[in-house]
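Inside the fold
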Amino acid sequence: MAKTNPGRFFEDYTVGQTLHHAVPRTVTNGERALYHALYPARHALYSSDAFAQACGLPGSPIDDLAAFHVVFGKTVPDVSLNAVANLGYAEGRWLKPVYAGDTLRSVSEVIGLKQNSNGKTGVVYVRTRGLNQRDETVMEYVRWVMVRKRDLDAPAPETVVPELKKALAPTDLVVPDGLDFSAYDFALAGEPHRWDDYAVGETIDHVDGVTVEEAEHMLATRLWQNTAKVHFDLTFRPDGRLIYGGHVISMARALSFNGLANAQMVVGLNGGAHANPCFAGDTIKAWTEVLDKADTTAPGVGALRLRLVATKGGAPFELRDPAGKYRSDVLLDLDYWALMPV
Amino acid sequence: MAKTNPGRFFEDYTVGQTLHHAVPRTVTNGERALYHALYPARHALYSSDAFAQACGLPGSPIDDLAAFHVVFGKTVPDVSLNAVANLGYAEGRWLKPVYAGDTLRSVSEVIGLKQNSNGKTGVVYVRTRGLNQRDETVMEYVRWVMVRKRDLDAPAPETVVPELKKALAPTDLVVPDGLDFSAYDFALAGEPHRWDDYAVGETIDHVDGVTVEEAEHMLATRLWQNTAKVHFDLTFRPDGRLIYGGHVISMARALSFNGLANAQMVVGLNGGAHANPCFAGDTIKAWTEVLDKADTTAPGVGALRLRLVATKGGAPFELRDPAGKYRSDVLLDLDYWALMPV
Amino acid sequence: MAKTNPGRFFEDYTVGQTLHHAVPRTVTNGERALYHALYPARHALYSSDAFAQACGLPGSPIDDLAAFHVVFGKTVPDVSLNAVANLGYAEGRWLKPVYAGDTLRSVSEVIGLKQNSNGKTGVVYVRTRGLNQRDETVMEYVRWVMVRKRDLDAPAPETVVPELKKALAPTDLVVPDGLDFSAYDFALAGEPHRWDDYAVGETIDHVDGVTVEEAEHMLATRLWQNTAKVHFDLTFRPDGRLIYGGHVISMARALSFNGLANAQMVVGLNGGAHANPCFAGDTIKAWTEVLDKADTTAPGVGALRLRLVATKGGAPFELRDPAGKYRSDVLLDLDYWALMPV
């Protein structure tokens, strides 16, 4: 019996199947510091215990996106080892902050399957949950990927395409217990702009840029125990190691501090597309469009729905070409909800 | 209203102004470990809790220069975003060791202003203090930078040039509470040379060298939340990302272990010049000249005033050309006080 | 008196001599996180406190190889600064897991000396022990290196060549107190293969590969406070910085997760050869041959003796050329014992 993991192929999935992903991980202040070394992350709630405590939390959590990466990384050997493409995300929610010392594991349920007409691949939809050591769900999201068939003669499964929300409603968002922005310190946070100051349709060029290096994206991707070959093995990808899409997400989110310093917590992921591949040597920049605004019931806390776009060149605010396709210098188009002081 | 930070220009400063810098930071064992990965740091007091406890401290502090970088990094968006040059440091003092779990923030006071005769720039002097979560000042230093004017027609402020000490007097130095080198373990520390063994005028070639890489200096600079564009964005600096001067300081100090293994704690910064820019691919080496010696009142603890020079080539002990200018291969000329067992 | 460390030369060693190596180190969750960023390490016992506790340990230890690197790194200034070659390892045993917060130091005894017939170099054998803050030995190993003479006229010492075991016997292995694999969770660990499923003579191609970068191997090597010049200074090694052999060991061991996910703990090092140098740009792959199997007295715990080979190309399972020499693409040939659920 071959001992190495060949990954699952399209015909290995059935709707309703539960995948218990391997290798639980205790996240610590070590991961926290590395996140700050890998990305220009400066949101004060994730930088300072004292600031987080003044906002009603027990301490500074692990960055929401770091929690996402840890949960996501575990799914790779079971979901995307034989994937041809990562097609989309939906209904992502952060339900509990993750703190140093927490141990995370991931569980996915297969919620949809659709064989492609070419008979060679199919789309697999999974809803993934990250759980902590108390079996509390800390986050969940839906992801769909195109996966190869091992046996082209395997029969096509019944097509099940889940109905997914185009965007989470404000009432879907979970504000962490105790969060209170009523005594929020804007000077310490770095910008005076509050929820009231942002208008739907407003766009922000985040100005800063980072030219990415091989060593950095590999350190990051390994830290999340994401083992996809394409990120690490130049003999497997002689045209260049493909940078993990999550590295671009974290880089863009960190760059968005400049203009969105008070968009402290990420609580919802409405959708996202990795529009073009990113390679070492690319310079990542970011811009944001305000898509929506909503109240929350937490004191002083509002929600902003934001489109975060990462590019590797080109002018800000240009997303698609005349034919409606993503421009070639767009890396990421992400739609998320963040919490901000009103 | 533009949401991103344009930085302050020369006419935005007034003498007496207090700048509360943003983004407090809780430093942890994660930052501690990263410091040891980024620099060949081996001073035993910063490597081992047991060694530090045997020297009268509660545990191993965060490296003094790491504390400096954290405090310094916060000032960049307010002080040096529109700076043309970092001109100097003076009167730097470490007042309390920083331990894992401490949260640091920075506050600066504008103590001097002098418009340049070209009318386009001016020199801004700030005294910066780093404070911990108990509002204790952990370190302070004066720094002056040349900053661009936004509006060339803005009137010149009254010239105020602060009187700064050429060097701290031994009585200015603060020895950490409890520090006691009377039972110091020279074998564990790595060298037998004590304070008595160093003579004023003595020079030491630290022998070792490190060829620096882009990924490393960016990891370091981000870790300290220093956001200056020149360090990260190759499209902004097509001739090469400029390496943060503090990276050179830490590298040179770590290299100086070989010959100064017992110069355990940095307690005073008398001055410093970044003589030439450093880029990835440069090989940093270091040499030291003993400038002065002083007693302290702490048991077994002496102070050495040291000139630490970092180079990227050339022979050791050569600092200036016949015209009195720094040689082109000199990167750093730093003047500091360190504590050492007598 | 020159202050920098010239290292020991062959004539500076005598059999029976004890070397107390400098710079003790407190290892923390920071080192733990960095290990996971530097290597694709996924063994669950080192990733999750909860998993380790379910196996009878108080928490997740620092990776066994990280403990080895910390202990080894301290010996470099005293043993291998003037070494021409690292010739071998033997009788390596891990005696106690190392946990975050432990402080390690290293002590070596010179157990053998043999001047080479050329009169210019000699072989030095040392038995090194790593001790924690309670003076418990956490690991020990024998290593022999070829060291230059300073003075070619120095008389040759009496030849003493220690008798070393070709391999540790199963009864030499120390199973950590409390280790119990009887309720081992194979799903969380990532593979179903248990000790019973491995046969002596079986070979496993670990499939995955990592193309290594300068920044990564330097971060790793510095983290272990290994100061050998050849790893850092391109002006000293203009043909390329030589990658620390331990970096290759850790990379190969981490890659071996794919096929040996349940070979959780490394407890014995029978021998090892760094067959060829490794440089940045090489793509490291790994394969394993099962050499032996043994029971232990701990509940549910078996031992596997494994040959782990790292390559930088070529087909798996090819180790030597027709003349019996290591093939040019073989980097490492390591012989170790690991503990696995039966």
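None of these values were measured; they are calculated from a predicted model. (Residues numbered from 1 in each chain as written. Chains lettered and ligands numbered in written order. Predicted model: local features only at pLDDT ≥ 70, side-chain atom pairs only at ≥ 80, totals over all residues. Heavy atoms only, no water.)

Side note on the overall build of chain A
So the rule is basically this: The helix count covers DSSP runs of H or I at least four residues long, the strand count covers runs of E at least two residues long, and both are numbered beginning at the N terminus. Radius of gyration here uses only the C-alpha atoms, and the compact-globule reference equals 2.2 Å multiplied by the residue count raised to the power 0.38. For every residue, the accessible area (1.4 Å probe, protein chains only) is compared with the maximum for its type, and the residue is labelled buried under 20%, exposed over 50%, or partly exposed between those bounds. In what follows, a contact means two residues having at least one pair of non-hydrogen atoms within 4.5 Å. Where accessible areas are quoted, they stem from the Shrake-Rupley method and a 1.4 Å probe; at the residue level, only the protein chains shown are allowed to cover. Positive charges come from Lys and Arg, negative ones from Asp and Glu, while His and the chain ends are left out of the count. Lys charges are placed at NZ, Arg charges at CZ, Asp charges at CG and Glu charges at CD.
The helix and strand inventory of chain A stands at seven helices and eleven strands. For chain A, whose C-alpha radius of gyration is 20 Å, the value lies close to the compact-globule estimate of 20 Å for 342 residues. Based on the C-alpha atoms only, the size of chain A along its principal axes is roughly 60 × 50 × 40 Å. Scored against the burial criterion, the 342 residues of chain A give a buried share of 64%. For chain A, the proportion of contacts with a sequence separation of at least 24, taken over those separated by at least 6, is 78%. Of the roughly 11,500 Å² of accessible surface on chain A, a fraction of 50% belongs to carbon and sulfur atoms. Across chain A, the mean location of the 34 positive side-chain charges is 6 Å away from that of the 41 negative side-chain charges.

Regarding the pattern of salt bridges
Stated precisely, the cut-off is as follows: In what follows, salt bridge is the name for a side-chain nitrogen of Lys or Arg lying within 4 Å of a carboxyl oxygen of Asp or Glu.
The final tally for this structure, using the stated rule, is 60 salt bridges over all chains. As a salt-bridge pair, Arg8(A) and Asp78(A) come within 3.1 Å of each other at their nearest N and O atoms. Of the two residues, Arg8(A) sits in the segment before β1 (18-20) while Asp78(A) sits in helix α3 (residues 64-80), which places them 70 residues apart along the sequence. The salt bridge involving Arg241(B) is made with Glu214(B); its shortest N-O contact spans 3.6 Å. Note that Arg241(B) is positioned in the loop between α5 (214-223) and α6 (245-255) and Glu214(B) in helix α5, a separation of 27 residues in sequence.

Examining the relation of the copies chain C and chain A
We apply this condition: The atoms used to superpose the copies are C-alpha atoms, taken from residues with pLDDT of at least 70 in both, and the fit is least squares.
Least-squares fitting of chain C to chain A yields an RMSD of 0.0 Å, with the superposition described by an axial translation of 0.0 Å and a rotation of 120°. Such values leave the two copies arranged in the relation of a three-fold axis. Minimal C-alpha separation from the rotation axis in chain C is found for Gly30(C), amounting to 2.3 Å. Mapped onto chain A, only 9% of the interface residues of chain C are again interface residues, and the two copies thus contact each other with different surfaces.

Considerations on helix α6 (residues 245-255) of chain A
Judged by how many residues are buried, α6(A) sits mostly within the fold: eleven of eleven residues are covered. All of the buried residues along α6(A) are Gly245(A), Gly246(A), His247(A), Val248(A), Ile249(A), Ser250(A), Met251(A), Ala252(A), Arg253(A), Ala254(A) and Leu255(A).

Section: the interface of chain C and chain A
Just so we agree on the cut-off: By buried area we mean the combined loss of accessible area, with a 1.4 Å probe, across both parts when two parts are placed together. Any residue that is not Ala, Val, Leu, Ile, Met, Phe, Trp, Tyr, Cys, Pro, Asp, Glu, Lys or Arg is counted as polar, Gly included; the first ten are nonpolar and the last four charged.
Tallying the contact residues gives 46 residues for chain C and 33 residues for chain A. For the pair chain C and chain A, the summed buried area comes to about 3,000 Å², and 60% of that belongs to carbon and sulfur atoms. It is Ala37(C), Arg42(C) and Leu188(C) in chain C that bury the most area against chain A; as a group they hold 19% of the surface buried on that side. Taken together, the links from chain C to chain A amount to four salt bridges. With a shortest N-O distance of 2.7 Å, Arg222(A) and Glu216(C) are connected by a salt bridge. When the residues that make up the side of chain C that touches chain A are grouped by side-chain class, the tally is 22 nonpolar, 13 polar and eleven charged.

A short note on the packing of aromatic side chains
To be explicit about the condition: Aromatic pairs are defined between Phe, Tyr and Trp rings, using the six-membered ring for Trp, whenever the two ring centres lie within 6.5 Å; interplanar angles under 30 degrees are classed as stacked, those over 60 as edge-to-face, and all others as tilted. Definition used: whenever NZ (Lys) or CZ (Arg) falls within 6 Å of the ring centre and also within 35 degrees of the ring normal, the charge is taken to sit over that ring.
Within the structure shown, the criterion is met by 39 aromatic pairs over all chains. When the ring of Tyr35(A) is compared with that of Tyr39(A), the centres are 4.8 Å apart and the planes differ by 55°; the resulting orientation is tilted. Across the pair, exposure class does not vary: Tyr35(A) and Tyr39(A) are buried alike. Summarising the aromatic geometry, the rings of Tyr184(C) and Phe186(C) are spaced 4.7 Å apart at their centres and angled 65° between planes, so their arrangement reads as edge-to-face. Here Tyr184(C) matches Phe186(C) in class, with each residue buried. One aromatic cluster is present, formed by Phe68(A), Phe72(A), Tyr89(A), Trp94(A), Tyr141(A) and Tyr244(A) through successive ring pairs. Above the plane of the ring of Tyr198(C) lies Lys3(A), whose end atom (NZ or CZ) is 4.4 Å from the centre. Note that Lys229(C) overlies the ring of Phe236(C), its terminal NZ or CZ placed 5.1 Å from the centroid.

Overview of unusual backbone geometry
All names here are of chain C. One non-glycine residue, Glu-91, lies in the positive phi region at around 50°. Mapped onto the secondary structure, Glu-91 falls in strand β3 (residues 83-94). We note that Asp-135 has phi near 60°; this positive angle belongs to a residue other than glycine. Within the secondary structure layout, Asp-135 lies in the loop between β5 (121-131) and β6 (137-148).

Some thoughts on the interface of chain C and chain B
Taken together, the contact between chain C and chain B spans 33 residues of the former and 45 residues of the latter. Taken over both partners, the interface formed by chain C and chain B buries close to 3,000 Å², and the fraction arising from carbon and sulfur atoms is 60%. Counting across the interface, chain C meets chain B through four salt bridges. Measuring nitrogen to oxygen at the nearest pair gives 3.7 Å for the salt bridge that ties Lys285(B) to Asp233(C).

Things to note about the packing of helix α5 (residues 214-223) of chain A against helix α1 (residues 29-38) of chain C
Cut-off, in case you're wondering: Orientation is described by lines fitted to C-alpha atoms, with helices fitted over the stretch in contact, and by angles between N-to-C directions that extend from 0 to 180 degrees. In what follows, roughly perpendicular refers to angles from 65 to 115 degrees, roughly parallel to angles under 35, roughly antiparallel to angles over 145, and oblique to any angle outside these ranges. For any pair of crossing helices, the crossing counts as left-handed if the nearer helix is rotated counterclockwise from the farther one by less than a right angle, and right-handed if it is rotated clockwise.
One way to put it is that α5(A) packs onto α1(C) with a least axis distance of 6 Å and a crossing angle of 110°. The angle between α5(A) and α1(C) falls in the class roughly perpendicular. Seen from above, α5(A) lies across α1(C) with right-handed handedness. In contact with Met218(A), Leu219(A), Arg222(A) and Leu223(A) of α5(A), α1(C) contributes Ala33(C), His36(C), Ala37(C) and Leu38(C). When grouped by side-chain class, the residues that make up the contact of α5(A) with α1(C) number six nonpolar, one polar and one charged.

Examining the relation of the copies chain C and chain B
Aligned on chain B, chain C shows an RMSD of 0.0 Å; the corresponding rotation is 120° and the shift along the axis is 0.0 Å. Of the residues that chain C buries at the interface, just 12% are likewise interface residues in chain B, meaning the two copies contact each other through different surfaces.

Some thoughts on the pairing of strand β10 (residues 301-311) of chain A
All names here are of chain A. Under the convention used in this document: Two strands are counted as paired when DSSP detects at least two bridges linking them.
The buried count for β10 comes to ten of eleven residues, which makes it a mostly enclosed element. Where strand β9 (residues 283-295) meets β10, ten bridges bridge the pair, whose relative direction is antiparallel. In the sheet register, Lys-285 faces β10, and the bridge partner there is Thr-311. Counting the residues in the hairpin turn of β9 and β10 gives five residues, including Gly-300, whose phi is positive at 80°. As judged from the eleven bridges shared by β10 and strand β11 (residues 330-341), these two strands associate in the antiparallel manner.

Some details on the side chain of His21(B)
Put simply, the rule is: Polar contacts, as used here, are pairs of N or O atoms within 3.5 Å; protein pairs need one atom able to donate a hydrogen and one able to accept it. Residues neighboring in sequence count only if both atoms are side-chain atoms.
If you trace the backbone, His21(B) turns up in the loop between β1 (18-20) and β2 (25-26). Of the polar contacts made by the side chain of His21(B), one reaches the side chain of Ser108(B); its length is 2.6 Å. The contacts of His21(B), once residues within four sequence positions are left out, are Leu188(A), Lys74(B), Thr75(B), Asp78(B), Val79(B), Ser106(B), Val107(B) and Ser108(B).

A short note on the environment of Ser256(C)
Residue and element names in this part refer to chain C. Along the chain, Ser-256 turns up in the loop between α6 (245-255) and α7 (257-260). Taking relative accessible area as the criterion, Ser-256 reaches 0% and is therefore assigned buried. Separated by 44 residues in sequence, Ser-256 and Val-212 place their C-alpha atoms 16 Å apart. Ser-256 has contacts with His-206, Ala-261, Thr-288, Leu-308 and Tyr-336, leaving out every residue within four places of it along the chain. Looking at Ser-256, its side chain comes within polar contact range of the main-chain oxygen of Arg-253, at 2.6 Å.

A few points about the side chain of His193(A)
Topologically, His193(A) is positioned in the loop between α4 (186-189) and β7 (203-211). Judged by its relative accessible area of 4%, His193(A) is buried. At 2.8 Å, the side chain of His193(A) and the backbone oxygen of Lys3(B) are in polar contact.

Re the domain arrangement of chain A
Residue and element names in this part refer to chain A. Our working rule: What marks off one domain from the next here is an automatic or database domain assignment.
When its domains are assigned, chain A resolves into domain 1 (1-27 + 62-164) and domain 2 (172-342). Here the C-alpha centroids of domain 1 and domain 2 sit 22 Å apart. Of the residues lining the interface, 26 residues belong to domain 1; the matching set on domain 2 comes to 25 residues. Contact between domain 1 and domain 2 buries roughly 2,200 Å² in total, counting both sides, with carbon and sulfur atoms accounting for 58%. A per-residue breakdown of the area domain 1 buries against domain 2 is headed by His-69, Tyr-89 and Trp-94, which together make up 30% of the total.

Topic: the environment of Leu38(A)
Here Leu38(A) lies in helix α1 (residues 29-38). Leu38(A) sits in the buried class, given a relative accessible area of 0%. Sequence spacing of Leu38(A) and His217(A) is 179 residues, and the spatial spacing of their C-alpha atoms is 8.1 Å. Leaving out residues up to four positions away in the same chain, Leu38(A) has contacts with Glu216(A), Leu219(A), Ala220(A), Leu223(A), Met251(A), Leu219(B) and Arg222(B).

With respect to the pairing of strand β4 (residues 103-115) of chain B
All names here are of chain B. Counting buried residues along β4, ten of its 13 residues qualify, which places the element largely inside the surrounding structure. Two elements, β1 and β4, share three bridges in a ladder whose sense is antiparallel. Looking at β4, one finds that Thr-18 is bridged to Glu-109. Note: β2 against β4, two bridges, orientation antiparallel.

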